[in-house]
Amino acid sequence: MLEGVTVLELGQVIAGTFGGTILADMGAEVIKVEPHRGDTARNPNIAPLRGESAIHLFMNRGKRSVVLDLKSDRGLELFYRLVETADVVIDNFRPGVMDRLGIDHDSLKARNPDIITATVTGFGETGPLRDKAAFDLVIQAYSGHMDYTGEPDGPPARVGTPLADLAGGIYACISILGALCGRELHGSGRHADVSMLDSLVSLLAYDGLDYLNSGRVATRQGTAHSHMVPWQAFTTRDGHVVVVARDEKFWRNLCQAIDRRDLIDDPRSRDNAARVANREFVVGELEAVFARMTSAELTELLDGYDIPSSPVNDMAAVLADDHVIARGMVRTYHHPTLGEVRYQPSPMKLSGWQQPDRHAPMLGEDTESVLSERLGLGGDAIAALAAEGVIGVLDPLPDR
């Protein structure tokens, strides 16, 4: 689908790599340009998995790895030459680093007028906090998401996944795809300034709009919803089930399912506005019924009445689920040292397109092949560059 598109990825860990992961899943050739120490996501002490890091194995699947010393003149020149063959450069360095290295958008555009660049940072490349250090947790807190995530009487909570990192990567991917389309239409490359904070502020969605126009601040509701009842998790005999019956047809079906038709006409529960105003009464009536049932019994009952619901699955249940498997959301790639690695692919499903199953590269695995294919360097030249430390290769090159 994106065959023929070449991405040079300078990104590290998650925010600077996830956008490239999605592009690789869509068929782009994504070349990780790494320092000799490698992407810090390779650290096997973080999310360790049989001597590798699960972060690296997930975030860098489908990519090639080239080791270049960008602080050396010869390494920088090799990078410039790669840029001349590429379409996109992604990074997540702090503001000013790309300028200091001489690989900012304007410098790269001088070598390739069509180049598209995307920089993912915590707070963006402009504004008073541009230089503030940021990790996912910092952005989740600063963006307001943590303040209204968690139980009403509990402390703020972070989203379990690294939401800010992932959102930054997704918006970087969207920005790149937009720039690629725009280049076809208008004939020039662009630079994307992607802020993790901007991404999560945007994802405040309608709660943000509501505050901006009414002054109402969204508060922690646990699994419940400020504006809809019932919309939350309920305790069963052996777990929890979420029930979403905000629309009146679902509410009527729910009342019939549990043999409580009296609640349909009760002034405390006859419509959503009444149920929100009398939340404690409505939830209490439902809790008394649901607590007597197992999660499987309750879900089966609600499905029979077409009421949106789900057991609260743990990760083991999700990744073994028949529907998830049938949708192709657990796949396998072969890793050179680990063997078979199972993973969750990108969710895009386009007719006539099959996502590749390519492993996360070993550090410097593709240095020799990329420099040979793209820059025409021979074995002796590559061996000399490796000996000088300008490049890094996976294994010592044989004597030439």
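It should be noted that the structure appears before, not after, this text.
Now for a quick tour of the structure.

Thresholds, definitions, all that
Residues numbered from 1 in each chain as written. Predicted model: local features only at pLDDT ≥ 70, side-chain atom pairs only at ≥ 80, totals over all residues. Heavy atoms only, no water. Helix = DSSP H or I, 4+ residues; strand = E, 2+ residues; numbered from the N terminus. Buried < 20%, exposed > 50% of the residue type's maximum accessible area, 1.4 Å probe, protein only. Lys, Arg positive; Asp, Glu negative; His and termini not counted. Charge placed at Lys NZ, Arg CZ, Asp CG, Glu CD. Pairing = 2+ DSSP bridges. Contact = heavy atoms within 4.5 Å. Axes fitted to C-alpha atoms, helices over the stretch in contact; angles between N-to-C directions. Salt bridge = Lys/Arg side-chain N within 4 Å of Asp/Glu carboxyl O. Patch = residues over 30% accessible without salt bridge, like charges linked within 9 Å, V, L, I, M, F, W, Y side chains within 5 Å. Areas by Shrake-Rupley, 256 points an atom, 1.4 Å probe, with all protein chains shown as cover. Disulfide = S-S within 2.5 Å. Polar contact = N/O pair within 3.5 Å; in protein donor to acceptor, adjacent residues only side chain to side chain. Parallel < 35°, antiparallel > 145°, perpendicular 65-115°, else oblique. Left-handed = near helix turned anticlockwise from the far one by under 90°. Phe/Tyr/Trp six-rings, centres within 6.5 Å; stacked < 30°, edge-to-face > 60°. Lys NZ or Arg CZ within 6 Å of the ring centre and 35° of its normal.

### What to know about the overall build of the chain
Part 1 of the argument: Within the chain, the regular secondary structure consists of 18 helices and 14 strands.
Part 2 of the argument: Principal axes of the C-alpha set define a box for the chain whose edges measure 85 × 45 × 40 Å.
Part 3 of the argument: Within the span of the chain, comprising 400 residues, buried residues form 46% of the whole.
Part 4 of the argument: Averaging the coordinates of the 39 positive side-chain charges in the chain and doing the same for the 57 negative ones gives two points 2 Å apart.

### Overview of the sheet that holds strand S1 (residues 6-9)
Part 1 of the argument: Pairing within the open sheet is mixed, and its seven strands lie in the order S8-S7-S6-S1-S2-S5-S14. The open sheet has two edge strands, strand S8 (191-195) and strand S14 (391-392), and neither has a second partner.
Part 2 of the argument: The pairing of strand S5 (residues 63-68) with S14 spans two bridges and is antiparallel. When the sheet's bridge partners are listed, Leu 68 is paired in S14 with Ile 391.
Part 3 of the argument: The strands that helix H7 (residues 163-186) touches are strand S6 (88-91), strand S7 (116-121) and S8; relative to S7, the one it contacts most, it runs at about 165°.

### Re the pattern of salt bridges
Part 1 of the argument: Applying the stated criterion across every chain, the model contains 24 salt bridges.
Part 2 of the argument: Note that Glu 388 and Arg 74 form a salt bridge whose closest N and O atoms lie 2.7 Å from each other. Of this pair, Glu 388 sits in helix H18 (residues 379-388) while Arg 74 is found in helix H3 (residues 73-84), placing the two residues 314 residues apart along the sequence.
Part 3 of the argument: Using a relative accessible area of 46% as the deciding quantity, one classes Arg 74 as partly exposed.
Part 4 of the argument: The partner of Glu 248 in a salt bridge is Arg 275, and the shortest N-O contact between them spans 3.1 Å. Here Arg 275 lies in helix H12 (residues 272-277) and Glu 248 lies in helix H10 (residues 248-257), a separation of 27 residues in the sequence.

### Focus: a nonpolar patch on the surface
Part 1 of the argument: Taken together, the side chains of Tyr 211, Leu 212 and Val 217 present a nonpolar region at the surface, about 360 Å² in accessible area.
Part 2 of the argument: Along the chain, Tyr 211 turns up in helix H9 (residues 205-214).

### Concerning the state of the cysteines
Here a disulfide denotes one covalent bond, and it connects the sulfur atoms of two cysteines.
Part 1 of the argument: Tallied over the full model, the rule gives zero disulfides.
Part 2 of the argument: Between Cys 173, a cysteine without a disulfide, and Cys 181, which holds the nearest cysteine sulfur, the sulfur-to-sulfur distance is 11 Å.

### Focus on the side chain of Ser 346
Part 1 of the argument: On the secondary structure map, Ser 346 appears in the loop between strand S13 (339-343) and helix H17 (367-375).
Part 2 of the argument: Within the structure, Ser 346 has its side chain in polar contact with the side chain of Asp 25 (distance 2.5 Å).
Part 3 of the argument: Among all residues touching Ser 346, those that are not within four sequence positions of it are Ile 22, Asp 25, Arg 61, Met 329 and Gln 355.

### Points about the pairing of S5
Part 1 of the argument: Of all six residues in S5, six are buried, a share of seventy percent or more.
Part 2 of the argument: With burial as the criterion, each face of S5 is covered, one bearing Lys 63, Ser 65 and Val 67 and the other bearing Arg 64, Val 66 and Leu 68.
Part 3 of the argument: When strand S2 (residues 29-34) meets S5, the two strands line up parallel, connected through five bridges. Its bridge partner being in S5, Glu 34 is matched across the sheet by Val 67.

### A look at the sheet that holds strand S10 (residues 240-244)
Part 1 of the argument: The strand order S9-S10-S11 describes an open sheet built from three strands, whose pairing is antiparallel. This sheet does not close on itself; its edge strands, each paired only once, are strand S9 (231-235) and strand S11 (309-311). Across the sheet, the mean angle separating the axes of adjacent strands is 20° when strand polarity is ignored.
Part 2 of the argument: Bridge analysis of S10 against S11 gives three bridges, and the strand direction is antiparallel. Counted as the bridge partner of Val 242 is Ser 310 from S11.
Part 3 of the argument: Seen against the sheet, helix H13 (residues 279-290) touches S9 and S10 and runs at an angle of roughly 40° to S9.

### Some details on the packing of H3 against H17
Describing two packed helices takes the angle between their axes plus the distance from one axis to the other.
Part 1 of the argument: In contact at an axis separation of 10 Å, H3 and H17 are set at 60° when each is read in the N-to-C sense. As the angle between them shows, H3 and H17 are arranged oblique. In this structure, the crossing between H3 and H17 has a hand that is left-handed. Residue-level inspection shows Leu 78, Arg 81 and Leu 82 of H3 in contact with H17, the latter providing Val 370, Arg 374 and Leu 375.

### Structural notes on the packing of aromatic side chains
Part 1 of the argument: One pass over the structure, following the stated rule, counts four aromatic pairs.
Part 2 of the argument: For the ring pair Tyr 333 and Tyr 343, a centre distance of 5.4 Å and an interplane angle of 45° mean the geometry is tilted. Taken together, the positions of Tyr 333 in strand S12 (residues 331-335) and Tyr 343 in strand S13 put the pair ten residues apart, joining distant regions of the chain. Each member of the pair, Tyr 333 together with Tyr 343, is buried.
Part 3 of the argument: In this arrangement the basic side chain of Arg 61 is found over the ring face of Phe 58, its NZ or CZ atom lying 4.6 Å from the centre.
Part 4 of the argument: In this arrangement the basic side chain of Arg 268 is found over the ring face of Phe 281, its NZ or CZ atom lying 3.7 Å from the centre.

These figures capture arrangement, not role.
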